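Per-entry structural report
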Amino acid sequence: MKNKKRWGKKIIYKRNWNKVNEIYVKRGEYFLDFEWVKGWDKELENMNQGKRGAPYKFPESLINLQAVWTQHHSYRVAEGITKMVASFSCIPGYNDYSTIFRRVTNSEYNLPEPKAQRISAATDGSGIKMNMGCEYFQEKYGDKKRKKYIKVVITSDPFDKDIFKIEVSLEGEGDSEPEIAEDHMRQLINEGFIIEDFYGDGSFDTNLLFDFCDLNKIDPKIKIRENAVIDPEGSWRRNIEAERYLKEEYKKWAKKKDYGRRWTGTEGIFSAVKRIFGDRVRSKKTDNMCKEAERRFWAYQVIKRYAEEKI
């Protein structure tokens, strides 16, 4: 812990850099951790039980690992990596790139469950660029129209920075961010988790979302719009929060609500994912683009949880 001055203010850094450094190192071990190979035959037996048609030859554990590899490399490169790993007798066999593509694209990926039963939630959205969507390619080869981006909305823990839910759609399609936030929180509640508070920016300032938070005893830490008015016919909980917000003004309200915590649970994750995996997908078909974007955030969370559990 060190005391330093930043922009004329005295701040305290509480981060344990030795632990953080070790976690980042452990994340790299995920790519070559083959401990799961010990259960190769048992996993295949469970996967093929009651299956109709040709049996699976490669377990989901291998496919999940290849799904992470393909965030950095092509499917053919993933085949080459797998083939070399098999030559070292680390795994019983390898699959070709077409099998990797089919399995990786069609598999369902489940995020690790929250660590605790009582959680905080924050929701926000960001854009991922489509394949060949930059200005140069549009000007050189395109139809001179701006290409749509892929909208990714996540609900995550602003304290542990864990992703709970992911929703992916094309720009202009799918539900709005407040509707997605409500759906994500409803899923978490149905799964047995207790949401204590919810963080959201001004786009989540809707009567329906405030009513949902009130019904489920969730403290709404949502930024009220600057032009907010008290609406007698609207949400009574929203009216209370709007009155407090207008009375205290933004800085005092944000400090009281610890509103800045929202950034670590949303913007921080978006920044990390794009920095690690890039901000553009490689797939060419629309459906595959959305699936690839979703796998990108799933891969980030899986690697993050793996490293934390190894420490």
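Our subject is the structure that appears above.
Reading the values: rules and limits
Residues numbered from 1 in each chain as written. Predicted model: local features only at pLDDT ≥ 70, side-chain atom pairs only at ≥ 80, totals over all residues. Heavy atoms only, no water. Helix = DSSP H or I, 4+ residues; strand = E, 2+ residues; numbered from the N terminus. Contact = heavy atoms within 4.5 Å. Lys, Arg positive; Asp, Glu negative; His and termini not counted. Charge placed at Lys NZ, Arg CZ, Asp CG, Glu CD. Buried < 20%, exposed > 50% of the residue type's maximum accessible area, 1.4 Å probe, protein only. Pairing = 2+ DSSP bridges. Polar contact = N/O pair within 3.5 Å; in protein donor to acceptor, adjacent residues only side chain to side chain. Axes fitted to C-alpha atoms, helices over the stretch in contact; angles between N-to-C directions.

Attention now moves to the overall build of the chain. Tallying secondary structure elements over the chain gives 12 helices and 7 strands in all. If you line up the chain on its principal axes, its C-alpha atoms span 70 × 55 × 45 Å. For the chain, the proportion of contacts with a sequence separation of at least 24, taken over those separated by at least 6, is 63%. Computed over 60 positive and 50 negative side-chain charges, the separation of the two mean positions in the chain equals 6 Å.

Of all 10 residues in helix α3 (residues 60–69), 7 are buried; the element is thus mostly enclosed. Here α3 has its buried residues at L62, I63, L65, Q66, A67, V68 and W69. Those residues of α3 hidden inside the fold are in contact with α2 (40–48), α4 (75–87), α5 (97–106) and α12 (286–310).

A separate point is the pairing of strand β3 (residues 118–128). Regular strands place side chains that alternate from one sheet face to the opposite one. The buried fraction of β3 amounts to 9 of the 11 residues, a majority that puts the element mostly inside the structure. Bridge count for β3 against strand β6 (residues 194–200) is 5 bridges, and the pairing is parallel. Residue pairing across strands places A121 opposite F198, the latter belonging to β6. With 7 bridges joining them, β3 and strand β4 (residues 150–156) adopt antiparallel strand pairing. Bridge assignment links S126 to a residue of β4, and that residue is V152.

Okay, the side chain of T99 next. Inspection of the secondary structure puts T99 in helix α5. Its relative accessible area of 19% is what places T99 among the buried residues. Of the polar contacts made by the side chain of T99, one reaches the side chain of D96; its length is 2.8 Å.

Turning to its location among the elements, D175 is positioned in the loop between β5 (163–170) and α7 (177–190). Sequence separation between D175 and W298 is 123 residues; the distance between their C-alpha atoms is 21 Å. What D175 contacts, discounting residues up to four positions off in sequence, is K151 and I180.

Pairing within the open sheet is mixed, and its 5 strands lie in the order β5-β4-β3-β6-β7. Taken across any chain shown, the strands that pair with only one partner, and hence form the sheet edges, are β5 and β7 (219–222). Pairs of neighbouring strands in the sheet enclose a mean axial angle of 20°, with direction left out of account. Relative to β3, helix α11 (residues 267–277) is tilted by about 50°, and along the sheet it contacts β3, β4 and β5. Against the sheet, α12 makes contact with β3, β4 and β5, and its axis sits at roughly 160° relative to β5, the strand it touches most.

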